[in-house]
Amino acid sequence: MSTATLPPITPLTKKDFQTDQEVRWCPGCGDYAILSAVQSVFPELGIKRENFVVVSGIGCSSRFPYYMNTFGFHTIHGRAPAVATGIKAIRPDLEVWVATGDGDALSIGGNHTIHMLRRNVGIKVLLFNNRIYGLTKGQYSPTSEFNKKTKSTPFGSVDRPFNPISLAIGAEATFVARSVDVFQAHLKDTLKQAAAHKGSAFVEILQNCNIFNDGAWFSLTERDARSEHVMQLEHGKPLIFGKNRDKGIRRKSDGDIEVVQLGNGIAESDLVVHDAHHPRPSYAFLLSHMEHRPGFPTPIGVLRAWDDLPRYEDVMNQQIKDVIAKRGPGDLAKLLRAGDTWEVR
Amino acid sequence: MSTITEVPLPKHKREVIDQAVIRFAGDSGDGMQITGSQFTNTVALYGNDIATFPDFPAEIRAPAGTLPGVSGYQLHFASNDVYTPGDAVDVLIAMNPAALKMNVADLKANGILIVNSDAFAANDLRKAQMTSNPLEDHSLDKYRLFSVELERLTKTALEHLGLDAKSISRCKNFFALGMCYWLYNRSMDPTVRWIETKFKNKPLLVEANKLAMKAGYSYCEATEAFQISYEIPPAKLSPGVYRNLSGNQALALGFVTASQKSGLRLFQGSYPITPASDILHELSQYKDFGVMTFQAEDEIAAITSSIGAAYAGALAITTTSGPGMALKTEALGLAVAVEIPLVICDIQRGGPSTGLPTKTEQADLLQALFGRNSEAPIPIIAPATPSDCFWAALEASRIAIKYMVPVIILSDGYLANGAEPWRVPDVAQIPDFPVRFATEPNSPEGYLPYKRNPDTLARPWAVPGTPGLEHRIGGLEKQDVTGNINYEPLNHEHMVRIRAAKVAAVVQEIPDVVPVGDAEGGLLIVAWGSTHGAITAAMNAQRAQGRKIGHVHLRYLNPLPANLGDVLQRYKKVLVPELNMGQLLWVLRAKYLVDAIGLNKIQGRPFKQAELEQKIEEVLGL
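Residues numbered from 1 in each chain as written. Chains lettered and ligands numbered in written order. Predicted model: local features only at pLDDT ≥ 70, side-chain atom pairs only at ≥ 80, totals over all residues.

Undergrad: So what's going on with the overall build of chain A? Which residues, and what values?
TA: Secondary structure assignment for chain A yields 11 helices and 12 strands. Overall size of chain A, expressed as C-alpha extent along the three principal axes, is 95 × 60 × 50 Å. Going through the 345 residues of chain A one by one, you find that 45% of them count as buried. Intrachain contacts of chain A at a sequence separation of at least 6 include 66% that bridge at least 24 residues. (Helix = DSSP H or I, 4+ residues; strand = E, 2+ residues; numbered from the N terminus. Buried ≥ 20, exposed ≤ 12 C-beta atoms within 10 Å, placed from the backbone. Contact = placed C-beta atoms within 7 Å.)

Rendered as structure tokens:
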């Protein structure tokens, strides 16, 4: 057998994905944890380094490509999904990740985000959500809570915020997940699941901005409170949360959901079993929306992973192949002479 | 058996002439564009030289019979060279009072006026804001008026087919077309073939349209209405195979050719906009050439997806008009900063804002030159005729790739929709311009994304997926050679200057200008884009009267040809006619300190030959 003669394959390591560029985020920024998680996950995906492309827009999060030793493209504000779509259309074989923020993806680039998701382009989107504009030094963002006092809203913001997860599910994204910068193990696991998804994967990463919005997600990350406020989703498992894992989500007869206390005749078997693979988005939307209701937890993990829809770039390229199979490869001389012609002698 | 010898009817007179201008005008729903393009196709196939001017409203169907709903199609065809669609028309076909009112002023005295008299009831006149019936009030006495009951005659010809009244009425344009074929002694065969293809699944409509057209032809034959018919012999074009080509078709074919000649996949990111959408319609048909068309969610995604495709190794283009161009501005700056090949087609229309979507203008020149934040120079190419768009597409693609720059093509609505005969080139004679992507690190330290070719100043093109060439690019200022982010003052000045020097280096590709006409003397006309035909016609007419005039038509607007400054000095006066407020004029005055004079028309319409001649005479002091 010839395998003995092949050069040994050196597995890639986290170091292979680090660049020589000085990382210029503020000390203590949540972005460091996300960078570290991505650099740890990439070598485990079995993909050659040269086949990774990291694309970003503008904002603190969008400096990401400079720190990843892959092909990288730091584009303009909000347009990363569109640039990435062009890359994927021409090179479906590449592994394209977009690093973006709440302003970049949901405000100036909201249109591109939803259209990329509805097309199901095979791009992984990491949305760093710190609920603030950091790079422009502290204005409210489209995910900032109502009545947020910032530099541009000294009397409080009057905008209702987007829920990024609801928005992505509303656009019928085929993979929608949420993780948190400081939950490293959960974040890495979520990134791996996103990487395994063929179509568009949308991952919201709750991230702290310790300069302009410190404690952005305090109620979810603070050690004592987190189990009460966060519900970790796992496909096929019942929806349970609480410090003592004693609370759950149950369907009501009208189709809505409610929080119930386990015990007193209510068992795990009465709870909703998480089905991330459901072809329709309505259940995932219901989950995504519960955090806005009093007493309900914030779900993290994979809300939706339905991978039966073909990728946009594959459909595009297949259509071209089909036409070539039917008509034969184009003949330029024939094309230029198409239609009615006449000869002058 | 009858012994009576049949006396032949007095034959109508057939006159040989060298040119004619015909205009079909009617309601938006009357099929005037189809009628005009069918007549065009037929005379082109016969071998006449042609120029066309389709002129239609932005509304798909303005209220029927009203003035804003009038759609027109003008054709100039001749046995000699044709440069313009013609200032005035010899034959006007008016399908209703509104069409008559909007167009009759352009009909020559004693010109032929064919009117659908069935559309002149009181209500029709009111919709056209007419107080008396022009068919009866002698206001049309200076024309040869032919009132034809198009509605009734078409109905009579088709009533046995069992078609509904609406479908029958919709065939009346082909009755009129048949009349015109008789008038100019043209075969109906090409249109018959077109009808058979167009309605191949609707045999009844094939029959109806053919019958209507033949009825129109026979009507002229039988009634001897015109008493005279015309013959325009074929033009003496250089030998070869010809086809009819509009500017937008030419761009599409040019890009497919550029894709084949460069060996790159063609990617078009585009958002529908008048008058550029036809390029998308054309290219979306050419999937057998591997062409990938992407109808983006907006103008910005159209260009940024194209930038992504170029980054991934495609020949990428984006096509738009002025308002879309405005939206693409920031992304154009990105393409300049990351030094990536890209071709942007701006099919100019009247502005500002939404302006005149279907009308032509040349007012985006300064936008193309300067319409980006900071110093962001971009080469600009302006085709002069519809078929020149083919060569402009090829040239822009070649320069974009060779210099790693975005290149703008400035076409306009007149070129986009206008058509002319095109001698189909021999594909083998068009040179290849193969692309060499970077495959190896270009220095001992590894791959340096901004290490430049000393002749072109182009940086290498390393596409994702190439092992060992992983690198980062972006819109932030970077250090030359390494591409690392760098905000140092002198580095920024160096980068601004080198990006400008690269665009300036494109002058190597540009031939020196050689004025057409007189090489020196009283007047030099400098212009660009779609005004070429009208200026040529005007200059020829003026030179025939002994005036010393030269004409430089700039194909490259940035950089400008190296010898342009010298050429400007050889003439006493410089005239710059433009369909704008004087944008090239502004550039020439600023760059060459020349006291040039503008002729500026901003009416959404091309120049007339007479307007140009009048200005030439005025400038020459005649």
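Undergrad: Please give an account of the overall build of chain B that cites residues and values.
TA: Secondary structure summary: chain B contains 21 helices and 23 strands in total. In terms of overall dimensions, chain B is globule-like: its C-alpha atoms have a radius of gyration of 27 Å, near the 25 Å expected for 622 residues. If you line up chain B on its principal axes, its C-alpha atoms span 105 × 60 × 50 Å. (Rg over C-alpha atoms; globule rule 2.2 N^0.38 Å.)

Undergrad: Let's hear about the sheet that holds strand β22 (residues 571-578) of chain B: which residues, and what values?
TA: All names here are of chain B. Pairing within the open sheet is mixed, and its five strands lie in the order β18-β20-β19-β22-β23. Only two strands of the sheet have a single partner each, and these edge strands are β18 (516-517) and β23 (597-600). The pairing of β18 with strand β20 (residues 549-554) spans two bridges and is antiparallel. The residue bridging Gly-517 from the neighbouring strand is Gly-550, located in β20. On top of the sheet, helix α18 (residues 532-544) reaches β18, β19 (521-528), β20 and β22; it is set at about 170° to β20, its chief contact. Taken strand by strand, helix α20 (residues 583-592) contacts β19, β22 and β23, and its axis lies near 145° from that of β22. (Pairing = 2+ DSSP bridges. Axes fitted to C-alpha atoms, helices over the stretch in contact; angles between N-to-C directions.)

Undergrad: I'd like a description of the interface of chain B and chain A, backed by residues and values.
TA: Contacts between the two partners involve 56 residues from chain B and, on the opposite side, 49 residues from chain A. Among the elements of the structure, α1 (32-46), β9 (240-246), α9 (247-262), β10 (266-270), β11 (292-295), α11 (299-311), α13 (329-338) and β17 (472-474) of chain B are those that each provide at least two residues to the side of chain B that touches chain A. Among the elements that make up the side of chain B that touches chain A, the one with the highest residue count is α11(B) (nine residues). The residue makeup of the side of chain B that touches chain A, split by class, is 30 nonpolar, 17 polar and nine charged. In the sheet, strand β12 (residues 341-344) of chain A pairs with β9(B) via four bridges, with the strands oriented antiparallel. Residue pairing across strands places A:Thr341 opposite B:Arg243, the latter belonging to β9(B). (Nonpolar A, V, L, I, M, F, W, Y, C, P; charged D, E, K, R; others polar.)

Undergrad: Explain the pairing of strand β6 (residues 201-206) of chain A residue by residue, including any values.
TA: All names here are of chain A. The buried count for β6 comes to six of six residues, which makes it a mostly enclosed element. Of the two faces of β6, the one holding Ala-201, Val-203 and Ile-205 and the one holding Phe-202, Glu-204 and Leu-206 are both buried throughout. As paired strands, strand β4 (residues 123-129) and β6 are joined by six bridges and run parallel to one another. Counted as the bridge partner of Lys-124 is Ala-201 from β6. Two strands pair when backbone bridges link them, and strand β5 (residues 175-180) and β6 are joined in this way by six bridges, in the parallel orientation. Looking at the pairing, Arg-178 lines up with Glu-204 of β6.

Undergrad: Explain the sheet that holds β12(A) to me, using residue names and the numbers behind them.
TA: Here we have three strands laid out as an open sheet, ordered β12(A)-β9(B)-β16(B), and antiparallel in their pairing. A strand with exactly one partner marks an edge of an open sheet, and here the two such strands are β12 of chain A together with β16 (419-423) of chain B. When the angles between neighbouring strand axes are averaged without regard to direction, this sheet yields 35°. Most of the contacts of α1(B) go to β9(B), to which it runs at about 160°, and overall it touches β12 of chain A together with β9 and β16 of chain B.

Undergrad: Before we move on, can you summarise the domain arrangement of chain B with the specific residues and values?
TA: All names here are of chain B. The domain architecture assigned to chain B consists of domain 1 (13-231), domain 2 (243-426), domain 3 (436-498) and domain 4 (516-619). Measuring from the centre of the C-alpha atoms in domain 1 to the corresponding centre in domain 2 gives 34 Å. Taken together, the contact pairs 12 residues of domain 1 with nine residues of domain 2. Where the side of domain 1 that touches domain 2 is concerned, the elements lending two or more residues are α1 and β3 (49-55). For the side of domain 1 that touches domain 2, the element with the highest residue contribution is β3, accounting for six residues. Classifying every residue of the side of domain 1 that touches domain 2 by side-chain character gives eight nonpolar, three polar and one charged. (Domains from an automatic or database assignment.)

Undergrad: Describe the packing of helix α4 (residues 150-158) of chain B against helix α6 (residues 172-183) of chain B, naming the residues involved and giving the relevant values.
TA: Residues and elements named next belong to chain B. Contact geometry for α4 and α6: axes closest at 9 Å, N-to-C directions at 95°. The orientation of α4 relative to α6 falls into the category roughly perpendicular. Between α4 and α6, the residues in contact are Leu-150, Glu-151, Leu-153 and Thr-154 and Lys-172, Phe-175 and Ala-176, respectively. Of the residues belonging to the contact of α4 with α6, the class tally is four nonpolar, one polar and two charged. (Parallel < 35°, antiparallel > 145°, perpendicular 65-115°, else oblique.)

Undergrad: Can you explain the environment of A:Ala276? Please cite residues and give values.
TA: Residues and elements named next belong to chain A. Relative to the helices and strands, Ala-276 resides in the loop between β10 (257-261) and α9 (282-289). Overall, Ala-276 belongs to the buried group, with 21 C-beta atoms counted inside 10 Å. What Ala-276 contacts, discounting residues up to four positions off in sequence, is His-235, Val-302, Leu-303, Arg-304 and Ala-305.

Undergrad: Before we move on, can you summarise helix α4 (residues 110-119) of chain A with the specific residues and values?
TA: Burial in α4(A) covers these residues: A:His112, A:Thr113, A:Ile114, A:Met116, A:Leu117 and A:Arg119. Once α4(A) finishes, A:Asn120 follows within two positions and takes phi at roughly 65°, a positive value.

Undergrad: Tell me about the domain arrangement of chain A, and name the residues and values.
TA: All names here are of chain A. Split into domains, chain A comes out as domain 1 (9-237 + 275-310) and domain 2 (239-273). Of the residues lining the interface, 12 residues belong to domain 1; the matching set on domain 2 comes to seven residues. Broken down by secondary-structure element, the contributors of at least two residues to the side of domain 1 that touches domain 2 are α8 (226-229) and β7 (230-232).

Undergrad: I'd like a rundown of the confidence of the model for chain B, residues and numbers included.
TA: All names here are of chain B. Residue-level pLDDT values for chain B average 95, and 98% of them are 70 or greater. Long-range and interchain partners of residues 1-10, a stretch whose pLDDT sits below 50, account for zero contacts in this model, where long-range means more than four residues apart. Interface confidence for the predicted complex, given as ipTM, is 0.96, next to a pTM of 0.94. (pLDDT = per-residue confidence, 0-100.)

Undergrad: Hey, could you go over the environment of A:Ser152 for me, with residue numbers and the actual values?
TA: All names here are of chain A. In this structure, Ser-152 sits in the loop between β4 and α5 (164-170). Remark: the alpha-carbon pair of Ser-152 and Gly-138, spanning 14 residues in sequence, is separated by 7.9 Å. Every residue in contact with Ser-152, bar those within four places of it in the chain, is listed here: Gln-139 and Tyr-140.

Undergrad: Quick one: what's the story with α1(B), residue by residue and with numbers?
TA: Along an α-helix, a turn takes 3.6 residues, which lines up residues three or four apart on a common side. Residues and elements named next belong to chain B. Between its first and last C-alpha, α1 extends 21 Å over 15 residues, near the 21 Å set by a 1.5 Å rise per residue. Listing the buried residues of α1 in full gives Met-32, Thr-35, Gly-36, Ser-37, Gln-38, Phe-39, Thr-40, Asn-41, Thr-42, Val-43 and Ala-44. In the stretch just after α1, Gly-47 is the one whose phi turns positive, near 115°. (Expected span 1.5 Å × (residues − 1).)

Undergrad: Account for the pairing of β20(B), naming residues and giving values.
TA: Residues and elements named next belong to chain B. Counting buried positions along β20 gives six out of six residues, so the element sits mostly inside the fold. Pairing analysis gives six bridges linking β19 to β20, with the strands arranged parallel. Residue Ala-527 lies in a different strand from β20, and its bridge partner there is His-553. As a crossover connection, the stretch from β19 through α18 into β20 is right-handed. (Right-handed = clockwise from strand over helix to strand, strands pointing away.)

Undergrad: Could you give an account of the packing of helix α2 (residues 80-90) of chain A against α4(A), naming the residues involved and the relevant values?
TA: Residues and elements named next belong to chain A. α4 packs onto α2 with a crossing angle of 40° between their chain directions and a minimal axis gap of 8 Å. Here α4 runs oblique to α2, going by the angle between their axes. Seen from α2, the contacting residues are Pro-81, Ala-82 and Thr-85; seen from α4, they are His-112, Thr-113 and Met-116. When grouped by side-chain class, the residues that make up the contact of α2 with α4 number three nonpolar, three polar and no charged.

Undergrad: Please give an account of unusual backbone geometry that cites residues and values.
TA: All names here are of chain B. A cis geometry characterises the amide bond from Thr-274 onward to Pro-275, with omega recorded as 0°. Along the polypeptide, Pro-275 turns up in the loop between β10 and α10 (277-283). With an omega dihedral of 0°, the bond running from Gly-351 to Pro-352 counts as a cis peptide bond. Mapped onto the fold, Pro-352 is located in the loop between β13 (342-348) and α14 (365-370). In the Ramachandran plot, Glu-339 falls in the positive-phi region, its phi being about 50° despite a non-glycine side chain. Note that Glu-339 resides in the loop between α13 and β13. Accessibility expressed as a C-beta count within 10 Å gives 24 for Glu-339, which makes it buried.

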